[in-house]
Each structure stands twice: as C-alpha cells, then as structure tokens.
Amino acid sequence: MCGIVGYIGTDLAYPVLLDGLKKLEYRGYDSAGVALHLGDKVAVYKKEGKVSNLENFVQGKNVQSLVGIGHTRWATHGEPSDRNAHPHYSNSGNIAMIHNGIIENYAQLKEELVQKGYTFQSDTDSEVLLNFIEDIKINNACTLEEAVRVALKRIVGAYVILLLDKDLPDTIIAARKGSPLVIGIGKGAHYLGSDASPMLAYTKEVVYINDYELAIVKADELILKNLGNETLTPFVQQLDLELAAIEKNGFDHFMLKEIYEQPKTIFDAMRGRLDMQQQTITLSGIDKIADKLLAANRIIIVACGTSWHAGLLAEYVIEELCRVNVEVEYASEFRYRNPIITDKDVIIAISQSGETADTLVALENAKQQGATIFGLVNVVGSSIARLSHAGAYTHAGPEIGVASTKAFTAQLAVLYLFALKLATLKNTISQERYHRLINDLAEVPTHVQWILDTQDEAIKAIAEKYKDARDFLYLGRGYNFPIALEGALKLKEISYIHAEGYPAAEMKHGPIALVDEELPVVFVATKDSYHDKIVSNMQEIKARKGRLVAVASTGEKTLADLTSDLLYVPLVDEVIAPILSVVPLQLLSYHIGVLRGLDVDKPRNLAKSVTVE
Ligand code: M6R
C-alpha cells in the first residue's frame, strides 16, 4: 500500500524516481509525486491519478537534481487529490516527506500542533507527522535526524518515511516500522524502495531495513541507526531477481503474463523439493519444526484474501491426509478476537507479499504467546518471512498484477507438499495413495500448460457471452469450494461484477432465490466423490432457468447435457484437481475485465500489498 522510492547519487534523480514509481504503481495509484533537492530549495511536483499524470505534469519543469524522493499513493486519510498527494511540505517549506503507512495517534498530535499555530494543506496523517518532526527540530534546535528519532518514539502506527531537508542537500533520512523499506547500494549512489524492483536495473546489493531503524543515506555512505542512536552494521544481501521478471514480456497485462507463467512457477515451487526418482519430499522448513508439528494438537492457518482461500483448501487437504485438526482464520479477525493460543500451536501464515499488516500483527501476537510460526511467503526477505521460525518460499517470482494468480497456485503446490510430507511423518497416508498423489502433483505444470494451450479461446467466447451480467454465483463442493470462493473474488476484483462464492449444497438455504434467467452460475464441478451431488445442484439451477457454466474434467459426459459452456481441465485425483480448476476461472475473470474495458492490472480502490489494517 503506497509505493516509495528515493535516489541519491551522481545521475539525475527524476528519471530514476519516475521509473521506480512505475514499477511500484501496483502498490497504489490514487496519486503520485516527487520531491527534488534543487540546491536552494526542495521542489515538490505531485498530481492526482496514475504516475503517467505526474509524468505529463512535470514536463518542462526544473528536474536538475541528484537527490529526490517519490511516492505513489493508496489513499487512507483524505480522498485522492492533488492536495492529499505526497510529498508534503512542512509548515516552513524547508522539509518534504513521503509516507507509507498509518499514523494512528495523528488526531492528538494534530490538535497539539494546531494549538501551536500550525496549519495543514492536506487531510493526511502524514502531514501531521511531518510537522510534528519539524516542531521538535525547531524547539530543540536539533538536527533533522534527531528530530525524527524523538518524534518516532511518540508515534503509534506504521510507517516508512523518507525526508528531504533544504539544509541537507546531500542526504535522505529514512525510517521504518511495519511497512517495508529496501535500500540498494550502487556505485556512488543509493536507491530506496518499498521493494527491490525500482533498483533492479542498477544494483543487486540490497539492505532490508528493520523496524525501528533509521537510515541516513548519502550518495556514497549509508549509516544505519536504531532509535536509541546506536550505529548498526547494515546486512548486505544479494538479490536473486532478474529485470525480465518485472516486465510484461510481450503480454498485454501483467495478470495475463502471470497466468501464463504458472506451468513454470508451479514447477519452481516444487523444484528441489519433490524428487520423483526417489519419490520423496524435502521441505527443510518442516524438518526445522518437525517436533512441534508432530506434537501439535492443531494447526492454525492465518491469511487474507486469496491467500486465505489457499489456506482453506489446505485445511481440507491437511485434515484429510494428516488427520490433524486445522483451523483457518482471517488474520484481521484472529488478531482482535483474543484467540486461545499456546506453545502447542503451530501457525501457518500464508502471504504473497509477506507484508500484509493484519497477517503480520496476528503472527506477532501469536508468537508472543508461544506459538510456532511457519511462513509460506513469496517475497524473499519480507517481514513475515523474517518473523517466522521456519517456512518455505513459494518461488513464484514477482507478482505485479494486483489480482493474485501465480502466487495462489504456487502456494497450493507448496501446501500440497507440506501436507504430503507431514502425512508421511505422521504415518497417516498409505504408500499407494502417497505415490498416486505425488505423481499427479508432478504432472500439474504439464496439465496447466494444456489448459492454457487448448481452453483459452473457448474461455474468451464464454467471457464475451457473460461480460454484461450484473451478478455471478460460483458454487463448489469439498475441495472445489475454496476454488469457487477464489473464482468469485477474481471476478469481483477485475470486472467489478458482483460475485459470490458459496458451497454448492448451501445454495438451497438462501442464494437460490437469486437465480433467474439473467444469473450466470459457475459450478466448479470436476470429477470427485460428490460428483452426482453437484450434478443434482446444477439440475436445480437449470430448472430455474439459471445460466450454467462449469469447470469440468476432460472426458466428462454428464455436464454436456446441462450446458455447453464448459471449461475443461485434465482429470486428476480430486485432492489435486483444485490447482487446475482455478486456472480457467482466472482466465474467465481476466477476459471479462478486458472486454469491459477495465485496467485489470490496477483495479480501482485496490493495492497489491495491504500494509494498513
Ligand atoms: O500478500 P498477501 O497474500 O498477504 O495478500 C493478501 C490479500 O490482500 C490478497 O490475496 C488480495 O486478496 C488479492 N488482491 C487477491 O487477488
């Protein structure tokens, strides 16, 4: 949520910042802005809307500066507007600041500042923090660095802040708590970003800044301190990421590219873990906490959004294969409802970004109460990865489209490995079933490739037929129920069509009232042990003139009598089938979104990484 960039070095800052903002635009696109040090002053240029608006606005303006900061906003306090766009100026006009996060005690601080005569140009909490810092600087006659340190001790909430001071032409001050900050080390230059993508073209050496750390960044020097003013040694890491991974590579949208990457990303998620010659699974994260897992009375899965859907499916699979009780929790509920947690609990945290605020805080709370945390995360070095006792990366590569696709299937691949490995450790699975499931799992990348190669055109035609529907219902049973939820979420996000996911059998307890000749009902109806039941549910919809669409297994005959709008996936074991069933639903949402003329990579009101509660 909100992307921040910074540059200080020997090149012009503005092109570096602009390029960085474009790479981080997936984090928010309500407004964008930059602040540049022009020697005698700090200039701020900002504009409501996407980064391209800023780019047009800045044309012809003075950008002769070697140091600057930039921001792309996802609005929290104050509507999207030029006024609320970052950077903000302090009251004196000497300091400019950008902020990602939320200052929870801003109202109290603002009141104190108003009484001292401060005025505010925006509705943001960020401007309050900035003036609070400036007030401390003036009153204590101290440096900006000291003022930031003092101010942050009173701040409740989350932040990454970058500041430029008119009197410090060679310095960017940065600090973080709860929101991500990476600093790239170049030759005579430093790059700052919410993630590593803005600096990838320039350096592979990065430092991930921790909570309560403050960085004094100069062109050729990086000083890291804690809020107690002790100097820390930066831990420099090598980025294992190529520039091509964050570009569209000929696809119209990142979402489509990421859907099409799935044969590879699912393979990568299992690479080095699933050994088909030995028929073994190696997950070092499980080995690390094996004693805890074997002793656990229950496993709690904590996540949000699409990652929560992966968790729900994992509940079904782990309970079935490992015979251990699993609970799946929305992180935002779990963190506030005072759950009973003990040191016997193992928590699996699932997160693409590894920065989702609700998940992060839920884990911090659970960790304090003694739980063991297993993090299933995509972004290497992210906060959740660092907080976990053990874990596994999903290795899906950067996911730029706001709607999660390849990260979801990579999560499922690793969760299947997790369940199968744990089942062997617990001795709760027969040899025969184990071998059948790992064989099916190993074939998933090939099957996904088949879906992409053979079904996309048919899916496009179905999208054309249903693109103007007002509502959709997605229904599934058993392992396919989480996929119905995920299909509905994808459609909502990308097309703004109202869609509900429901257990197919629950339909009769309410949602069936919605069915008329207008309503498309998408059944996730691959061949499984409840197949006859779901066919009956489809009959019930047909009898009420609903418009039927179904995800079906290849070779399926019964469903063809009910509808011609079938999205086929290869026939595999019912446990493994959901990882295939979701792919046509991703494509269906994508095509409907595109046909409706929407920006599928940047759907309205959303942001990729939800770093506020
Ligand atoms: O980064 P995370 O996996 O923790 O994010 C969780 C959700 O915000 C995310 O899955 C969201 O629901 C996506 N927009 C879904 O496409």
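Residues numbered from 1 in each chain as written. Predicted model: local features only at pLDDT ≥ 70, side-chain atom pairs only at ≥ 80, totals over all residues. Heavy atoms only, no water.

Participant: Please set out the pattern of salt bridges residue by residue, giving values where relevant.
Facilitator: In this structure the tally under the stated criterion is 33 salt bridges. Between Asp 19 and Lys 23 there is a salt bridge, with the nearest N and O atoms lying 3.0 Å from each other. Pair noted here: Asp 19 and Lys 23 are both in helix H1 (residues 13-24), with a separation of four residues, about one helical turn. By relative accessible area, which is 26% here, Asp 19 ends up partly exposed. Assessed through its relative accessible area of 16%, Lys 23 is described here as buried. (Salt bridge = Lys/Arg side-chain N within 4 Å of Asp/Glu carboxyl O. Helix = DSSP H or I, 4+ residues; strand = E, 2+ residues; numbered from the N terminus. Buried < 20%, exposed > 50% of the residue type's maximum accessible area, 1.4 Å probe, protein only.)

Participant: Kindly report on unusual backbone geometry, identifying the contributing residues and their values.
Facilitator: Apart from glycine, the bulk of residues carry a negative phi angle, and the bulk of peptide bonds sit in the trans form. Following His 86, the chain continues to Pro 87 via a peptide bond in cis, the omega torsion being 0°. Structurally, Pro 87 can be placed in the loop between strand E4 (67-73) and strand E5 (88-89). We note that Gln 279 has phi near 60°; this positive angle belongs to a residue other than glycine. Turning to its location among the elements, Gln 279 is positioned in the loop between strand E16 (274-275) and strand E17 (280-281). If you check the backbone angles, Asn 605 has positive phi at about 70° while not being a glycine. Within the fold, Asn 605 resides in the segment after helix H18 (577-595).

Participant: Now, about the sheet that holds strand E6 (residues 95-103): what can you tell me, with residues and values included?
Facilitator: Taken in spatial order, the seven strands line up as E5-E6-E7-E8-E12-E13-E14 in an open sheet, and their pairing is antiparallel. Here the strands that pair on one side only, and so sit at the sheet edges, are E5 and strand E14 (231-232). Pairing of strand E8 (residues 172-177) with strand E12 (residues 213-218) involves five bridges; the strand directions are antiparallel. Along E12, the bridge assignment pairs Ile 173 with Ile 216. (Pairing = 2+ DSSP bridges.)

Participant: Talk me through the sheet that holds strand E9 (residues 182-185); I want residue IDs and the actual numbers.
Facilitator: With antiparallel pairing, the eight strands of this open sheet are ordered in space as E3-E2-E4-E1-E10-E9-E11-E15. Edge positions in the sheet fall to strand E3 (42-48) and strand E15 (236-238), since each has one partner strand and no second. Averaged over all pairs of adjacent strands, the angle between their axes in this sheet comes to 20°, without regard to strand direction. Where H1 meets the sheet, its contacts fall on strand E1 (3-8), strand E2 (31-37), E4 and strand E10 (190-193), and the angle it forms with E1 comes to roughly 160°. Contacts from helix H2 (residues 51-58) reach E2, E3 and E4 within the one sheet, and its direction differs from that of E3 by about 130°. (Axes fitted to C-alpha atoms, helices over the stretch in contact; angles between N-to-C directions. Contact = heavy atoms within 4.5 Å.)

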